[in-house]
Amino acid sequence: MITLPNLALLDVVIAAIVLGALGYVRRYSLPRPPIGYSTTSDVLIMSCLVVVMPVGYLALPGPAVSTVFGVLFLASVQMTLAPVIGGRRATLASVLLVAATVAAAVAGLDGMVLAFNALLIAISVIGVTSLWAQTGMSAGHVAAFATVLAVYDLFATGLGDLTDRFLAQVVGQPFAPLLAVTGGTAPVAAGLGDCLMLALWPMVAAKAYGRVAAWIGAVAGLGLIVLVEIGFATGVLRSGMAFLTVLGPAILIQYVLWRLLRGAERRTYAWLGVPASGLDTSGRVERLTGALRAAQTAETPSGTWVAVDGDAVIAHGPTPGTALRAARRAGYEGTPFVKQM
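Note that the coordinates shown come from a computational prediction; the quantities given were computed from them, not determined experimentally.

Cut-offs used in this document
Residues numbered from 1 in each chain as written. Predicted model: local features only at pLDDT ≥ 70, side-chain atom pairs only at ≥ 80, totals over all residues. Heavy atoms only, no water. Phe/Tyr/Trp six-rings, centres within 6.5 Å; stacked < 30°, edge-to-face > 60°. Helix = DSSP H or I, 4+ residues; strand = E, 2+ residues; numbered from the N terminus. Buried < 20%, exposed > 50% of the residue type's maximum accessible area, 1.4 Å probe, protein only. Axes fitted to C-alpha atoms, helices over the stretch in contact; angles between N-to-C directions. Parallel < 35°, antiparallel > 145°, perpendicular 65-115°, else oblique. Left-handed = near helix turned anticlockwise from the far one by under 90°. Contact = heavy atoms within 4.5 Å. Nonpolar A, V, L, I, M, F, W, Y, C, P; charged D, E, K, R; others polar.

(A) Spatial organisation of the packing of aromatic side chains. Overall, the coordinates contain 3 aromatic pairs when judged by the stated rule. With centroids separated by 6.4 Å and ring planes inclined at 40°, the aromatic side chains of Phe69 and Phe73 adopt a geometry described as tilted. Within this pair, Phe69 and its partner Phe73 are both found in helix 3 (residues 62–85), separated by 4 residues, close to a single helical turn. A relative accessible area of 9% means that Phe69 is categorised as buried. Judged by relative accessible area, Phe73 falls into the buried class, the value being 4%. Ring centres of Tyr209 and Trp258 lie 6.1 Å apart, and the angle between their planes is 15°; on these two criteria the pair is classed as stacked. You can see Tyr209 sitting in helix 8 (residues 192–209) and its partner Trp258 sitting in helix 10 (residues 244–262), a full 49 residues away along the chain. Side by side, Tyr209 and Trp258 carry an identical accessibility label, which is buried.

Written as structure tokens, this is what we have:
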């Protein structure tokens, strides 16, 4: 049921996610995946997946879709928490959180399912957006991706019933990709995609154009949510409106304006190496430089993956995962850089 307290609660949760993402990316470095840096082709692939995946989900039963998202949440939560509490504790915490969600669903504790699901989404959004920002996703990439999502959401939600059919399949299920504060067939909620874009844009805006751009992006996104909710409350808008059709153009407009005002955006390496951007990057560049130096001088066979911290090679293995696992077995609790020799 759409009520003022429920809408206010949803706003508070989303604001906490956006602020949490900005704070997280300032303090923690996530290990880069073997694919390297985000490129335009990566954005094109992501756009195609956004269009194709919901259609594929509709062909699966509800429990199968929940299982897929459960596995995704498990991996995302572990990745996000690892730099904060260490790899082993992060794995345990993610397993316990997923297990608690399943247990609450089996016991019929709908309120607990909503709470656990919201926590899973919040942690996952913070980690995934931080990873995208740190692996080179630019403001231009995000603006293009937001535009694609806006067009897709217009047809899938505003003019079609694809989103409604998908929501009917997952609402009430554990691990639903829906940040909901109420249950029922018409919950007060925001989609996972909405949350990702709301958190991602301020982050890449900070990287590209500084703190002012980040705060304007955050306030603009949250302000649009409030305006849409006012439309719901007054009956001007129908429940289930495609929010990305509003957020996407807003992100594109901000990008164009900042590009006109500031010119070319700052690159990721400059963002990581210039504390004047307003982000706490102390020690990050030095750690990366030492890690690369250690990997280059280590006496390991070519093609081997090495986990390095500072000037020391901690562990090695034939794949990135085996190198990280070897580092954890050696007692290393942090998140080392992984590089192929």
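(B) Representation of the packing of helix 1 (residues 4–27) against helix 9 (residues 211–234) within the structure. At a closest axis distance of 11 Å, the pairing of helix 1 and helix 9 adopts a crossing angle of 165°. The orientation of helix 1 relative to helix 9 falls into the category roughly antiparallel. Here helix 1 runs over helix 9; the crossing is right-handed. Across the interface between the two elements, Leu7, Leu10, Asp11, Ile14, Ala15, Val18 and Leu19 from helix 1 touch Trp215, Ala218, Leu222, Ile225, Val226 and Glu229 from helix 9. A breakdown of the residues in the contact of helix 1 with helix 9 according to their chemical character gives 11 nonpolar, no polar and 2 charged.

Functional significance is not addressed by these values, which are geometric in nature.
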